Amino acid sequence: MATTLSASERREARDQVLTAGALIGPATIFVAAGLLVPIAILFRYSLNDVGPYKQMIEAFTAANYLRFFSDPYYTTVLARTLRVAVTCTLVCLLLGFPLAYVLARMQSQRKNLFIMLVVLPLFVGNAVRAAGWMALFGSKGVVNSLLMRIGLIDAPLEIMYTEVVVTIGIIAVNLPFMVLTLQSVIEGIDRAVEEAAFSLGANPYHMARRVLLPLALPGLLAGSILTFILAMNAYATPVLLGGPRFVMMGPLVYNQFVQQNNWPFGASISFVLMAATIVLTATANILVQRRYRR
Amino acid sequence: MARLEIASLSKLYGDFQAVREVSLDIADGEFLVLLGPSGCGKTTTLRMIAGFVTPSGGAIRIGDTDVTDLPPWKRNTGLVFQSYALFPHLTVAQNVAFGLEMRKVGRDDIAPRVAEALRMVRLGHLGERLPRQLSGGQQQRVALARALAIRPDVLLLDEPLSNLDAKLREEVRVEIRELQRQLGLTTVMVTHDQEEALTVADRLVVMSEGEVRQIGTQRDLDERPADRFVAGFVGRSTFLEGRAEGQGAFVTAGGLRLRCAVGSAAGPAVMALRPERVALGTAPLGLDNDLPGTVEFVSYLGAVLDLRVRLSDTDRVTVQMANRQDGMAPAVGARVHVGWSADAGRIFTQDAGAAA
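If you're wondering where the values come from, they're calculated on a predicted model, not measured in any experiment.

Draft legend 1. Highlighting the nonpolar core. Among the nonpolar cores identified, the biggest contains 101 residues, and Phe-68 and Met-249 of chain A together with Phe-87 and Phe-98 of chain B are the most heavily contacted of them. Of all the elements, helix α3 (residues 72-105) of chain A adds the most residues to this core, at 12 residues. Filtering out sequence-adjacent residues up to four positions away, Phe-87 of chain B remains in contact with Val-193, Ala-196, Ala-197, Leu-200 and Val-211 of chain A together with Asn-95, Phe-98, Pro-131 and Arg-146 of chain B.

In structure tokens:
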């Protein structure tokens, strides 16, 4: 439809563009300067060569990426990180959904208090929390001394520096994010829709499968993506609870940059981590959307 | 389709009595309307029938089955919500098919039954649409089709028309009533809108503060309201406070002596008058009660005029008169005569139904 705009309409349209620009401009500039530029520089570094004294030599080579994928040590770290992140996401979904559902449907005046309780773990810093887990799970920790005192075991169990303790640690950090995301989505689902399903003969299982879960899908996806990304990139928890023996991708990147002083290799590991996260997130998103379209 | 019996049904929330000893017997194919102001317990009663609220006492029977302890999905009730409550992620046809799938109806039987239900509400052509692509009236008709498709024993309607605009409301309520008659469905509807209630109901139940105040037909409620609350809630009434003297005499607070039906006990009482039963003229009217007064307020309502007439410092009556071209239309301040027959004024003693 071709229409000629009057002067006032044109002015109005221009004002709208200016207003929109003023609203999104600062955040855009901040993100561009603080994120995109460093990423671009990092990507360039990852293609550079490394000299005999670990100095960076300008080049265009895939050697760093080849080194990562040909050394079983590094591919093991990647596989381990993926395994931990997937486990954490699934456990957070299973633990988080019922909790989020109860919170979302709660009519009590203390609802806000309960939501604060869910967020409370985030008030404690990662290092402090990890110290707590160490006191609990260390070889002289509460769990081991208790088990030894009641005679269940003779020697302390190896709990610290294992996959289990790191997974538990990351779940504890990520669960609040999952619960809050799910809760806000479930709150948007009309309670009457659930009742309609019941009155039409659906028992709670069928109601959840056919009505609640499909309608909560955006929340399930958003919560899972958030949890997965946080777990893939976890740093403090694997360092403090995993120690030098249980290495994940985040600490590996840091190690290359700071301890090995190998910037090109560190940069390429960063990109492997970023790519793995994005590809898996996007794939899961597409698969789930397609499965539940309508 | 079945008879629905409710026996001494009660619901307590803490120490708040939401529903108190409600007993109803709804015949097969009857359309019963629960009418009352918000918070009167009508919705709680309906939700107990549907199974969403557990009664604190009493029993509910549908046909020969005691359903009091059955969960909602095991009672064969069709429920229509005020908010429609359609499944937003399913098409119209999938919405209607949902209840049939839950009942394990064979795949070959589902499609014809969905089509039949949608045809009943004249939406056969919209099966592939999503709910959000329909207007409010269409959505409510889909909700109705979804409830009808399962061939419920009892159809429950929870303020089904409140979210529709006035024109559409009239249309859909006639449609609901016609379908209900055609299918012979035992139906319970909850509403706070008395016009809606009066047009569709076979019988009405007036509730207030968790209790049933009166059960009856439209005529029963209009001509023989059980108490002051019903007289004020169903139709309109003006109330004259005063004292019943016995022997068909009533003295208002303002000192007017009035005649009323013989038989009411003496004591503090109130006289309820339907505005349409009060006559108005420029000269004495020769009725049982005949009083001079001053017009205080005139509401022009199109077909009728409402006049508030002051009879004494404390007594006022509302008079409804036809708005005719040739008729007189008294102005504010005009001196007039009002009158009504003795049996037009209903006397309620103060202890019975003091709430209004």
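Draft legend 2. Looking closely at the state of the cysteines. For the structure shown, the criterion picks out 0 disulfides over all chains. Unpaired in terms of disulfides, Cys-92 of chain A finds its nearest cysteine sulfur in Cys-88 of chain A, a separation of 6.3 Å.

Draft legend 3. Looking closely at the side chain of Gln-139 of chain B. Residue and element names in this part refer to chain B. The residue Gln-139 is located in helix α4 (residues 136-149) in this model. Within the local environment of Gln-139, its side chain forms a polar contact with the backbone oxygen of Leu-134, the two atoms lying 3.2 Å apart. In this structure, Gln-139 is in contact with Tyr-84, Leu-86, Pro-131, Arg-132 and Leu-134, ignoring residues within four places of it in sequence.

Draft legend 4. Structural context of the confidence of the model for chain B. Here chain B averages 90 in pLDDT, and 96% of its residues register 70 or above. Here the predicted complex carries an ipTM of 0.86, next to a pTM of 0.83.

Draft legend 5. Main features of the domain arrangement of chain B. Residue and element names in this part refer to chain B. Entries for chain B in the domain assignment read domain 1 (4-228) and domain 2 (238-349). A C-alpha centroid distance of 40 Å is found between domain 1 and domain 2. Every contact between the two is made by 8 residues of domain 1 and, on the other side, 8 residues of domain 2. Summing both partners gives a buried area of about 660 Å² for domain 1 against domain 2, and 46% of it is carried by carbon and sulfur. Considering only the side of domain 1, the residues that lose the most area to domain 2 are Asp-222, Pro-225 and Arg-228, jointly responsible for 74% of the buried surface there. Summed over the shared surface of domain 1 and domain 2, the number is 2 salt bridges. A salt bridge links Arg-274 to Asp-222, with the shortest nitrogen-to-oxygen separation between them at 3.6 Å. Linking domain 1 to domain 2 there are 4 residue pairs in polar contact (both at pLDDT 80 or more). Element by element, the count of residues in the side of domain 1 that touches domain 2 is highest for helix α7 (residues 218-223), at 3 residues.

Draft legend 6. Quick look at the sheet that holds strand β6 (residues 77-80) of chain B. Residues and elements named next belong to chain B. In space, the 6 strands of this open sheet follow the order β6-β7-β8-β3-β9-β10, with mixed pairing throughout. The open sheet has two edge strands with one neighbour each: β6 and β10 (211-216). The average undirected angle you get between the axes of adjacent strands in this sheet is 20°. In terms of strand pairing, strand β7 (residues 154-158) meets strand β8 (residues 186-191) through 5 bridges, oriented parallel. Bridging from a neighbouring strand, Leu-156 pairs with Val-188 of β8. This element, helix α1 (residues 42-50), spans β3 (31-35), β6, β7, β8 and β9 (203-208) of the sheet and lies at about 145° to β7.

Draft legend 7. Structural view of the packing of helix α2 (residues 92-102) of chain B against α4 of chain B. Residues and elements named next belong to chain B. Two elements in contact, α2 and α4, have axes separated by 8 Å at closest approach and are oriented at 25°. The orientation of α2 with respect to α4, classified from their angle, is roughly parallel. Both α2 and α4 take part in a crossing whose hand is right-handed. Of α4, the residues touching α2 (which contributes Val-92, Asn-95, Val-96 and Leu-100) are Val-142, Ala-145, Arg-146 and Ala-149. The residue inventory of the contact of α2 with α4, partitioned by class, reads 6 nonpolar, 1 polar and 1 charged.

Draft legend 8. The arrangement of the packing of aromatic side chains in detail. By the definition in use, this model includes 12 aromatic pairs over all chains. When the centroid spacing of 4.6 Å and the interplanar angle of 50° are considered together, the rings of Phe-87 of chain B and Phe-98 of chain B count as tilted. Remark: Phe-98 of chain B occurs in helix α2 and Phe-87 of chain B occurs in the loop between β6 and α2; sequence separation between them is 11 residues. Relative accessible area serves as the criterion here: at 0%, Phe-87 of chain B is assigned to the buried category. One Lys or Arg, Arg-44 of chain A, reaches over the ring of Phe-60 of chain A and ends 4.1 Å from the middle of that ring.

Draft legend 9. Representation of the environment of Arg-224 of chain B in the model. Residue and element names in this part refer to chain B. Mapped onto the fold, Arg-224 is located in the loop between α7 and α8 (228-233). With relative accessibility at 43%, the residue Arg-224 sits in the partly exposed group. Distance in space between the C-alpha atoms of Arg-224 and Arg-151 is 37 Å, their sequence separation being 73 residues. Excluding residues within four positions of it along the chain, Arg-224 makes contact with Gln-214, Arg-219 and Arg-346.

What counts, and at which threshold
- Residues numbered from 1 in each chain as written.
- Chains lettered and ligands numbered in written order.
- Predicted model: local features only at pLDDT ≥ 70, side-chain atom pairs only at ≥ 80, totals over all residues.
- Heavy atoms only, no water.
- Core = buried A, V, L, I, M, F, W, Y, C linked by side-chain atoms within 4.5 Å.
- Buried < 20%, exposed > 50% of the residue type's maximum accessible area, 1.4 Å probe, protein only.
- Helix = DSSP H or I, 4+ residues; strand = E, 2+ residues; numbered from the N terminus.
- Contact = heavy atoms within 4.5 Å.
- Disulfide = S-S within 2.5 Å.
- Polar contact = N/O pair within 3.5 Å; in protein donor to acceptor, adjacent residues only side chain to side chain.
- pLDDT = per-residue confidence, 0-100.
- Domains from an automatic or database assignment.
- Buried area = accessible area lost by both parts, 1.4 Å probe.
- Salt bridge = Lys/Arg side-chain N within 4 Å of Asp/Glu carboxyl O.
- Pairing = 2+ DSSP bridges.
- Axes fitted to C-alpha atoms, helices over the stretch in contact; angles between N-to-C directions.
- Parallel < 35°, antiparallel > 145°, perpendicular 65-115°, else oblique.
- Left-handed = near helix turned anticlockwise from the far one by under 90°.
- Nonpolar A, V, L, I, M, F, W, Y, C, P; charged D, E, K, R; others polar.
- Phe/Tyr/Trp six-rings, centres within 6.5 Å; stacked < 30°, edge-to-face > 60°.
- Lys NZ or Arg CZ within 6 Å of the ring centre and 35° of its normal.

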